[in-house]
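# Secondary and tertiary structure notes
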Amino acid sequence: DAKTTQPNSMESNEEEPVHLPCNHSTISGTDYIHWYRQLPSQGPEYVIHGLTSNVNNRMASLAIAEDRKSSTLILHRATLRDAAVYYCILTYGGSQGNLIFGKGTKLSVKP
Amino acid sequence: DAGVIQSPRHEVTEMGQEVTLRCKPISGHDYLFWYRQTMMRGLELLIYFNNNVPIDDSGMPEDRFSAKMPNASFSTLKIQPSEPRDSAVYFCASSLRGTGFGNTIYFGEGSWLTVV
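Quick caveat, the model's predicted, so the values are computed rather than measured.

## Structural notes on the packing of aromatic side chains
This structure, assessed with the given rule, holds 11 aromatic pairs over all chains. Considering the side-chain rings of phenylalanine 101 of chain A and phenylalanine 107 of chain B, the 5.8 Å spacing of their centres and the 80 degrees angle between planes classify their relative orientation as edge-to-face. Within this pair, whereas phenylalanine 101 of chain A is found in the loop between β8 (84-92) and β9 (105-110), its partner phenylalanine 107 of chain B is found in strand β10 (residues 106-107), the two belonging to separate chains. With a centroid separation of 5.3 Å and an interplanar angle of 50 degrees, the aromatic rings of tyrosine 35 of chain B and phenylalanine 107 of chain B are classed as tilted. Highlighted residues: tyrosine 35 of chain B in strand β4 (residues 31-38) and phenylalanine 107 of chain B in strand β10, separated in sequence by 72 residues.

And the structure:
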């Protein structure tokens, strides 16, 4: 399985944008890039996913490098509720059960 | 929809006792996953089912662990006998079409197990 590399932790100030990076240099053409986050004492929740093009939804934006070897999750305006562990995960297009979580990035948001 | 429902939310049991964790997936979802989370090992996939059939149980740590899905709306994860090292948060998750092709999975709130 293609692996991802994320910083262990990041800090942000409330109401400022946050850019969470993810490197996936061994990504293959059929791998999707997913982001999940886990709030304290809760199960992981889906944030966003993409294949080649940048994606936007109500929670965040996903910027994917042209060579697809890296991506960035963008929270446009961090709130205290966004403090969580953010996981960048690759899923093989044809597979059904290989959502493999790494250690993720622990995001702290300061008021 | 109510989301993925797990029970119990918290359980404290003595070593050697049987533990049964329960999960109700989101209605209509064909895939069900069991994960375990510890500080040391993070989130690990234990087993997943498709249409009630176990597809991959290679993550089940040992024979003390077993999982069943008797119907589309119910699954159990059983540990017998339990040991202190089984203490963890166990998550159940479900998905409409698995994890391929950008599909997403939905997690329950977890069952927090402590074995003393």
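## Quick word on the pairing of strand β11 (residues 111-115) of chain B
All names here are of chain B. Covered by surrounding structure in β11 are Ser111, Leu113 and Val115 only, the residues Trp112 and Thr114 on the alternate face being uncovered. Here 4 bridges tie strand β2 (residues 10-13) to β11, and the two strands are oriented parallel to one another. Along β11, the bridge assignment pairs histidine 10 with tryptophan 112. The sheet contact formed by strand β9 (residues 88-95) and β11 spans 3 bridges and is antiparallel.

## Describing the interface of chain A and chain B
Taken together, the 21 residues of chain A in the interface contact 22 residues of chain B. With both chains or domains summed, chain A and chain B bury close to 1,700 Å², and 55% of this area falls on carbon and sulfur atoms. Linking chain A with chain B are 0 salt bridges, by the criterion used here. At the junction of chain A with chain B, the criterion picks out 3 residue pairs in polar contact (both at pLDDT 80 or more). Looking at the side of chain A that touches chain B, the elements with two or more residues in it are β3 (31-38), β4 (45-50) and β8 of chain A. If one sorts the elements of the side of chain A that touches chain B by residue count, β3 of chain A sits on top with 4 residues. A per-class count over the side of chain A that touches chain B returns 8 nonpolar, 13 polar and no charged.

## What to know about the side chain of arginine 37 of chain A
Residue and element names in this part refer to chain A. Within the secondary structure, arginine 37 sits in strand β3. Polar contacts involving the side chain of arginine 37 include one to the side chain of glutamate 45, which spans 2.6 Å. Within the structure, the side chain of arginine 37 is placed 3.1 Å from the side chain of tyrosine 86, a separation counted as a polar contact. For arginine 37, the contacting residues outside a window of four places in its chain are Gly43, Pro44, Glu45, Val47, Met59, Arg81, Asp82, Ala84, Val85 and Tyr86.

## Re the environment of phenylalanine 74 of chain B
All names here are of chain B. Assignment of secondary structure puts phenylalanine 74 in strand β8 (residues 74-79). For phenylalanine 74, a relative accessible area of 29% gives the class partly exposed. The residues touching phenylalanine 74, leaving out its near neighbours within four places in the chain, are Arg22, Cys23, Pro25, Lys68 and Met69.

## A short note on the state of the cysteines
Tallied over the entire structure, the rule returns 2 disulfides over all chains. The disulfide partner of cysteine 22 of chain A is cysteine 88 of chain A, and the S-S distance across this bridge is 2.1 Å. Note on the cysteine 22 of chain A and cysteine 88 of chain A pair: the S-S dihedral is about -85 degrees, so by sign convention the disulfide is left-handed. Highlighted residues: cysteine 22 of chain A in strand β2 (residues 18-23) and cysteine 88 of chain A in strand β8, separated in sequence by 66 residues. Among the residues examined, cysteine 22 of chain A registers a relative accessible area of 2% and is labelled buried. Owing to a relative accessible area of 1%, cysteine 88 of chain A belongs among the buried residues under this scheme. At a sulfur-sulfur separation of 1.8 Å, the disulfide partner of cysteine 23 of chain B is cysteine 92 of chain B.

## What about the sheet that holds strand β6 (residues 61-64) of chain A?
Residue and element names in this part refer to chain A. The strand order β2-β7-β6-β5 describes an open sheet built from 4 strands, whose pairing is antiparallel. A single partner strand is all that each edge strand has here, and the edge strands are β2 and β5 (55-56). As paired elements, β5 and β6 share 2 bridges and run antiparallel to each other. Each bridged residue has a counterpart across the sheet, and for valine 55 the counterpart in β6 is leucine 62.

So, how was this worked out
- Residues numbered from 1 in each chain as written.
- Chains lettered and ligands numbered in written order.
- Predicted model: local features only at pLDDT ≥ 70, side-chain atom pairs only at ≥ 80, totals over all residues.
- Heavy atoms only, no water.
- Phe/Tyr/Trp six-rings, centres within 6.5 Å; stacked < 30°, edge-to-face > 60°.
- Helix = DSSP H or I, 4+ residues; strand = E, 2+ residues; numbered from the N terminus.
- Buried < 20%, exposed > 50% of the residue type's maximum accessible area, 1.4 Å probe, protein only.
- Pairing = 2+ DSSP bridges.
- Contact = heavy atoms within 4.5 Å.
- Buried area = accessible area lost by both parts, 1.4 Å probe.
- Salt bridge = Lys/Arg side-chain N within 4 Å of Asp/Glu carboxyl O.
- Polar contact = N/O pair within 3.5 Å; in protein donor to acceptor, adjacent residues only side chain to side chain.
- Nonpolar A, V, L, I, M, F, W, Y, C, P; charged D, E, K, R; others polar.
- Disulfide = S-S within 2.5 Å.

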